[in-house]
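Examination of the molecular architecture
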Amino acid sequence: MSRRAIAYLMLLAAGLAAPFFIYPVLVMKVLCFALFACAFNLLLGYTGLLSFGHAAFFGAAAYVAGHAIKVWGLPTELGLLAGTIAAGALGWAVGSLAIRRTGIYFAMVTLALAQMIYFFFLEASFTGGEDGLQGVPRGALLGFIDLSNDLNLYYFVLAIFVFAFWLIYRTIHSPFGQILKAIRENEPRAISLGYDVAKYKLLAFVLSAALAGLAGATKMLVFKFATLTDAHWHLSGEVVLMTILGGMGTVFGPLVGSSVIVVLQNELADKVGSLVTVIMGSIFVICVLLFRRGIVGEIIAFYKRMLGQKA
């Protein structure tokens, strides 16, 4: 068995044991934001597209899934699926417009469209406006597993994360993923080789949006509500921070970055109040100046240097 396989099995074992040592809801929150960051990393780290509007997909799926479960009475699984599909469809609409631009113009288009979506959620009746969509029942998995039990829900959330992480891993190590990396490294060369770059960018954007939506719908299920915070541009900034802090373009970087940010926010919220934002900003500045590869990126670079010295 390879070292990589052993590492994955150790992480899975840690995930299975985590709720017995750490508050399950906190770990579920970490998993939801880790999935969000992994989805964003697929776009930024492997395709080279910086989106400032990914919170729109996260929030849209949360609202749609919550409404489907609470108002339409759909089973929990179908509600999450509805939210994910809605986020993917919204990603197709936004991506179709945004990929016509590159660089900072692409980022600004995604931000502008996300703000339009945010104000739609603010005014729409099904979202509850400023009060949010509250009291969403968790329901039962497969009709008989009670998800109101935190431990049952935890393993359901863990299964969702493992499936999505596997899907992202397979994507970035597939021929499709290699083309995305080629586009990131040298887009004109990819075009000269005959690839329809716009099509690949759009596919990556839609997949990233759908997975971000799955993260948002899952978070809604954990906390039983969806609010405007889930679609605010602040959250789009946070997922950028999580990805860069952990290591952009690495498999485990978003998981590490999201864990650090969520745990810090949870621990510092009651102690420093609004200064949490200042601390997060300081961490971002330090990371950009001193650890440009991110936590995981620096560890990988150090490991490669050690191998080089031994050789």
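Parameters at a glance
- Residues numbered from 1 in each chain as written.
- Predicted model: local features only at pLDDT ≥ 70, side-chain atom pairs only at ≥ 80, totals over all residues.
- Heavy atoms only, no water.
- Helix = DSSP H or I, 4+ residues; strand = E, 2+ residues; numbered from the N terminus.
- Rg over C-alpha atoms; globule rule 2.2 N^0.38 Å.
- Buried < 20%, exposed > 50% of the residue type's maximum accessible area, 1.4 Å probe, protein only.
- Contact = heavy atoms within 4.5 Å.
- Areas by Shrake-Rupley, 256 points an atom, 1.4 Å probe, with all protein chains shown as cover.
- Lys, Arg positive; Asp, Glu negative; His and termini not counted.
- Charge placed at Lys NZ, Arg CZ, Asp CG, Glu CD.
- Core = buried A, V, L, I, M, F, W, Y, C linked by side-chain atoms within 4.5 Å.
- Phe/Tyr/Trp six-rings, centres within 6.5 Å; stacked < 30°, edge-to-face > 60°.
- Lys NZ or Arg CZ within 6 Å of the ring centre and 35° of its normal.
- Axes fitted to C-alpha atoms, helices over the stretch in contact; angles between N-to-C directions.
- Parallel < 35°, antiparallel > 145°, perpendicular 65-115°, else oblique.
- Expected span 1.5 Å × (residues − 1).
- Polar contact = N/O pair within 3.5 Å; in protein donor to acceptor, adjacent residues only side chain to side chain.
- Disulfide = S-S within 2.5 Å.
- Patch = residues over 30% accessible without salt bridge, like charges linked within 9 Å, V, L, I, M, F, W, Y side chains within 5 Å.
- Salt bridge = Lys/Arg side-chain N within 4 Å of Asp/Glu carboxyl O.
- Left-handed = near helix turned anticlockwise from the far one by under 90°.
- Nonpolar A, V, L, I, M, F, W, Y, C, P; charged D, E, K, R; others polar.

1. Considerations on the overall build of the chain
Scanning the chain from terminus to terminus reveals 13 helices and two strands. A compact globule built from 311 residues should have a C-alpha radius of gyration of about 19 Å, and the chain, at 19 Å, falls within 12% of that. Each of the three principal axes of the chain carries a C-alpha extent, and together these read 60 × 45 × 40 Å. Every one of the 311 residues in the chain was classed for burial, and the buried ones make up 48%. Across the chain, the fraction of contacts at a sequence separation of at least 24, relative to all contacts at a separation of at least 6, is 75%. About 15,300 Å² of surface is accessible on the chain, with carbon and sulfur atoms providing 68% of the total. Treating the 21 positive side-chain charges of the chain as one cloud and the 14 negative ones as another, the clouds have centres 15 Å apart.

2. Quick word on the nonpolar core
In terms of nonpolar packing, the biggest core is built from 92 residues, with F36, L153 and F156 touching the most fellow members. Per element, the largest residue contribution to this core is 19 residues, and it comes from helix α2 (residues 24–47).

3. Considerations on the packing of aromatic side chains
Enumeration according to the criterion identifies 19 aromatic pairs in this entry. Taking 5.7 Å as the distance between ring centres and 80° as the angle between the ring planes, the aromatic pair formed by Y8 and Y169 counts as edge-to-face. You can see Y8 sitting in helix α1 (residues 3–17) and its partner Y169 sitting in helix α6 (residues 150–172), a full 161 residues away along the chain. Aromatic ring contacts, followed pair by pair, group Y8, F161, F165, Y169 and F252 into a single cluster. Above the face of the Y200 ring, K199 is positioned so that its terminal group lies 5.3 Å from the ring centre.

4. Quick word on the packing of α2 against helix α10 (residues 233–246)
At a minimum axis separation of 9 Å, α2 and α10 run at an interaxial angle of 80°. By the angle between their axes, α2 is roughly perpendicular relative to α10. Taking contact as the criterion, the partners of F33, F36, A37, F40 and N41 in α2 are, on α10, L235, V239, V240, M242 and T243.

5. Section: α6
Helix length check: α6 (23 residues) gives 32 Å between terminal C-alpha atoms against 33 Å at 1.5 Å per residue, within 8%. Near the N-terminus of α6, the side chain that reaches the backbone nitrogen of L151, with its oxygen 2.8 Å away, is that of N149.

6. Some points on unusual backbone geometry
Of note in this structure, K224 is not a glycine but carries a positive phi near 65°. In this structure, K224 sits in the loop between α9 (197–223) and α10.

7. Description of the state of the cysteines
Enumeration over the complete set of coordinates arrives at zero disulfides. In this model C32 remains outside any disulfide bridge; the closest cysteine sulfur is found in C38, 12 Å from its own.

8. Some words on a nonpolar patch on the surface
A contiguous nonpolar patch, built from F284, V285, I286, V288, L289, L290 and F291 and spanning about 650 Å² of accessible area, is present on the exposed surface. Among the structural elements, L289 can be located in helix α12 (residues 275–290). Relative accessible area serves as the criterion here: at 63%, L289 is assigned to the exposed category.

9. A look at the pattern of salt bridges
Inspection of every chain in the model, using the stated rule, returns five salt bridges. The closest approach of N and O atoms between E185 and R184, which form a salt bridge, is 2.8 Å. Judged by its relative accessible area of 32%, R184 is partly exposed. Salt-bridge contacts for K201 lead to E187; the nearest nitrogen and oxygen are separated by 3.0 Å. One end of the pair, K201, is in helix α9; the other, E187, is in helix α8 (residues 187–192), with 14 residues separating them in the sequence. The class of E187 is partly exposed, set by a relative accessible area of 24%.

10. Focus on the side chain of T84
Assignment of secondary structure puts T84 in helix α4 (residues 76–98). The contacts of T84, once residues within four sequence positions are left out, are A61, A210 and L214.

11. Some remarks on the packing of α10 against α12
Following both chains from N to C, one finds α10 and α12 inclined at 40°, their axes separated by 10 Å at the closest point. On the basis of the axis angle, α10 is oblique to α12. Where α10 crosses over α12, the two elements pack in a sense that is left-handed. Contact residues: L241, I244 and L245 in α10; M280, I283, F284 and C287 in α12. When grouped by side-chain class, the residues that make up the contact of α10 with α12 number seven nonpolar, no polar and no charged.

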